[in-house]
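Okay, here's what each chain looks like letter by letter:
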Amino acid sequence: MGNKAVKEDEHLGKWIEYLNKRNKEWKSSSQFQKYEPKSWINLAIQTIQDFRSKQMLQSYAEDIERLLKNSDPTKYVNQLAAQIILDQTPEYGMPETIDQKESTTFKIIARSELLKDILVQYAEIFHRKYQIFFQDELLQNEIQMEERQAQYISDSTKKDIKDIRSYLSNVILGIYNLNDGVALKSLIIRMVFSKQKVNTIIMKFYNLTFKNQVAQFKQALLKVQNLTLEKLELPGHLIVPYLRIIKLLNNILDSNNPGVKYDLFKDFDRELRKDLKFIKDLNLQDLSVDNTQKIVIYCVIQTQRSDWICQLKFLRDFIGNEISYEQGQQSVWFNKVESSIEYILNY
């Protein structure tokens, strides 16, 4: 499996190198006229106008539209070259497997100058819109704001993020022929929250909105701080420090990007097996639902972090319906952590 992945990466690397090499030739070709980048900008502007009619992107539409109208289309010629070669798969020997094609496409989207420019503009507008709620007098009073107002602000920011995510999805789908909506949504979330001004404001809102619940969980953690794996009745041969799982949990908390944060949950299986690698004759029963839940409860307690409440709420709000048992190992472990929080609160 590892060798296959290496070969795929080499193939993709050579293909992208080839794409860049042909890019200069395409600038002067008739193909360039057919796939003129300006048409992409017009598509993005039209999508903004459609969203405005649906009462979406009201705070951003004029600013982003101005950015797009003043853009130099030739700046996006690398993405143009990618589109040409994706549309001409047989001629240029593009890998035939869907997964590999989409993987390449996502890499190209992530490097898209057009989307990056839109996101930078969006982050600036977003920051100006919401920073008013965190002026000096509020910060000096430890942001003493009524909970219903804090909740209103939090709900408003969530709507704005979802609007921009939906807008970018529509722009991208107008350019690329993609099937994997979940992967696209995850990519856009990671790109949106890569902007420091966006995730800083968002986390302030969540810390404010869930201030009381965080304080409640902090007290609950103090009550269970001496709860051991023995008291949780984990089988004796499975009682180890679980340092890798504890480190992974801390890494999840430390990320302010919900896309990255959620991706980390897929590492639980690997890190758990590394924590248990010295146990002889480990069997499937040892990794039962009941045993792994006890391990997660213990490790959450060991983090001694009271911000689990607002962090999981933040993650669920922005990742959305993908957090379900039908969505693979990430959602399974997310739900185990969430159940652990409930266990600690009700202990």
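In what follows, the structure referred to is the one given above.
Note that this is a predicted model, so its numbers are computed, not measured. (Residues numbered from 1 in each chain as written. Predicted model: local features only at pLDDT ≥ 70, side-chain atom pairs only at ≥ 80, totals over all residues. Heavy atoms only, no water.)

Please clarify how the overall build of the chain should be interpreted in this entry.
The secondary structure content of the chain amounts to 19 helices and zero strands. Taking all 347 residues of the chain together, the buried fraction comes to 50%. Taking the contacts inside the chain whose residues are at least 6 apart along the sequence as the reference set, 81% of them involve residues at least 24 apart. (Helix = DSSP H or I, 4+ residues; strand = E, 2+ residues; numbered from the N terminus. Buried < 20%, exposed > 50% of the residue type's maximum accessible area, 1.4 Å probe, protein only. Contact = heavy atoms within 4.5 Å.)

I would appreciate a short explanation of helix 17 (residues 289-303) in the present structure.
In a regular helix each residue adds 1.5 Å, so 15 residues correspond to 21 Å; helix 17 covers 21 Å between its end C-alpha atoms and thus fits that length. With respect to burial, helix 17 is a largely interior element, 12 of its 15 residues being buried. Regarding helix 17, the residues found buried are Asn291, Thr292, Gln293, Lys294, Ile295, Val296, Ile297, Tyr298, Cys299, Val300, Ile301 and Thr303. Considering only its buried residues, helix 17 is in contact with helix 13 (211-224), helix 14 (243-254), helix 16 (268-275), helix 18 (308-319) and helix 19 (329-345). Gln304 sits one or two residues past helix 17 and shows a positive phi near 50 degrees. (Expected span 1.5 Å × (residues − 1).)

I tried to follow the packing of aromatic side chains on my own but got confused; where do I start?
Centre-to-centre distance and the angle between the planes together describe a pair of aromatic rings. Taken as a whole and judged by the stated rule, the model has 17 aromatic pairs. Ring centres of Tyr60 and Tyr122 lie 5.1 Å apart, and the angle between their planes is 65 degrees; this geometry places the pair in the edge-to-face category. Pair noted here: Tyr60 is in the loop between helix 3 (37-53) and helix 4 (61-69) and Tyr122 is in helix 8 (residues 113-130), with a separation of 62 residues, a long-range link. The exposure classification of Tyr60 matches that of Tyr122, with both residues buried. A centroid spacing of 5.8 Å and a plane angle of 25 degrees characterise the contact between Phe265 and Phe268, whose relative ring orientation is stacked. Note on accessibility: Phe265 and Phe268 belong to one class, buried. Through a chain of ring-to-ring contacts, the aromatic side chains of Tyr60, Tyr122, Phe126, Tyr130 and Phe205 assemble into a single cluster. Stacked on the ring of Trp333, the Lys or Arg Lys336 has its end atom at 5.6 Å from the ring centre. (Phe/Tyr/Trp six-rings, centres within 6.5 Å; stacked < 30°, edge-to-face > 60°. Lys NZ or Arg CZ within 6 Å of the ring centre and 35° of its normal.)

Would you take a moment to explain the packing of helix 3 against helix 4 for this structure?
What describes two packed helices is the angle between their axes and the distance between those same axes. It is the contact of helix 3 with helix 4, at a shortest axis distance of 10 Å, that shows an interaxial angle of 170 degrees. Looking at the two axes, helix 3 sits roughly antiparallel to helix 4. As for how helix 3 packs across helix 4, the hand of that crossing is left-handed. Residues Ile41, Ala44, Ile45, Ile48, Gln49 and Arg52 of helix 3 form the contact with helix 4, whose participating residues are Ala61, Glu62, Ile64, Glu65, Leu68 and Lys69. The residue inventory of the contact of helix 3 with helix 4, partitioned by class, reads seven nonpolar, one polar and four charged. (Axes fitted to C-alpha atoms, helices over the stretch in contact; angles between N-to-C directions. Parallel < 35°, antiparallel > 145°, perpendicular 65-115°, else oblique. Left-handed = near helix turned anticlockwise from the far one by under 90°. Nonpolar A, V, L, I, M, F, W, Y, C, P; charged D, E, K, R; others polar.)

What am I meant to see in the nonpolar core here?
Soluble, globular proteins show a tendency: their nonpolar side chains are buried together. Ranked by internal contacts, the top residues of the largest apolar core, which has 94 residues, are Leu68, Ile161, Tyr167 and Tyr242. Of all the elements, helix 8 adds the most residues to this core, at nine residues. (Core = buried A, V, L, I, M, F, W, Y, C linked by side-chain atoms within 4.5 Å.)

What is the right way to look at helix 18 in this model?
Think of an α-helix as turning once every 3.6 residues; residues three or four places apart then point the same way. Taking 1.5 Å of rise per residue, the 12 residues of helix 18 would be expected to cover 16 Å, and the 16 Å separating its terminal C-alpha atoms lies within 8% of that figure. Burial analysis of helix 18 places 10 of its 12 residues in the buried class, which makes it a mostly covered element. Inspection of helix 18 places Trp308, Ile309, Cys310, Gln311, Leu312, Phe314, Leu315, Asp317, Phe318 and Ile319 among the buried residues, and these make up the whole buried set.

It is not clear to me how the packing of helix 16 against helix 19 should be interpreted in this structure. Could you clarify?
At their nearest, the axes of helix 16 and helix 19 sit 10 Å apart, and the two run at 70 degrees to each other. By the angle between their axes, helix 16 is roughly perpendicular relative to helix 19. Where helix 16 approaches helix 19, its residues Phe268, Asp269 and Leu272 are matched on the opposing element by Gln329, Trp333 and Val337. For the contact of helix 16 with helix 19, the residue count by class is four nonpolar, one polar and one charged.

I would appreciate a short explanation of the environment of His237 in the present structure.
Tracing the chain through its elements places His237 in the loop between helix 13 and helix 14. Among the residues examined, His237 registers a relative accessible area of 42% and is labelled partly exposed. Measuring from C-alpha to C-alpha, the distance between His237 and Leu282 comes to 9.4 Å, with 45 residues separating the pair along the chain. Setting aside its immediate chain neighbours within four residues, His237 contacts Ile279 and Asp286.

For this particular structure, what's the right way to read the pattern of salt bridges?
A pair can form between side chains of opposite charge whenever their charged atoms are brought close. On inspection of all chains with the given rule, the structure shows 18 salt bridges. Ionic pairing is found between Asp117 and Lys75, a salt bridge with its closest N-O pair at 2.9 Å. Placement of Asp117 in helix 8 and of Lys75 in the loop between helix 4 and helix 5 (77-87) is noted, with a sequence separation of 42 residues between them. With a relative accessible area of 42%, Lys75 lands in the partly exposed category. Of the charged contacts, one joins Asp290 and Lys294 as a salt bridge, the two residues approaching to 3.2 Å between their closest N and O atoms. Placement of both Asp290 and Lys294 in helix 17 is noted, with a separation of four residues, approximately one turn of the helix. The class of Asp290 is partly exposed, set by a relative accessible area of 46%. By relative accessible area, which is 14% here, Lys294 ends up buried. Sharing partners across several salt bridges, the network here consists of Asp155, Lys158, Lys313 and Asp317. (Salt bridge = Lys/Arg side-chain N within 4 Å of Asp/Glu carboxyl O.)

Can you walk me through unusual backbone geometry in this structure?
Among all residues save glycine, negative phi is the norm, and among peptide bonds the norm is trans. At Leu57, a residue that is not glycine, the phi angle is positive and equals roughly 60 degrees. In this fold, Leu57 is placed in the loop between helix 3 and helix 4. Using a relative accessible area of 2% as the deciding quantity, one classes Leu57 as buried. The phi torsion at Tyr242 lies on the positive side, around 55 degrees, for a residue other than glycine. The residue Tyr242 is located in the loop between helix 13 and helix 14 in this model.

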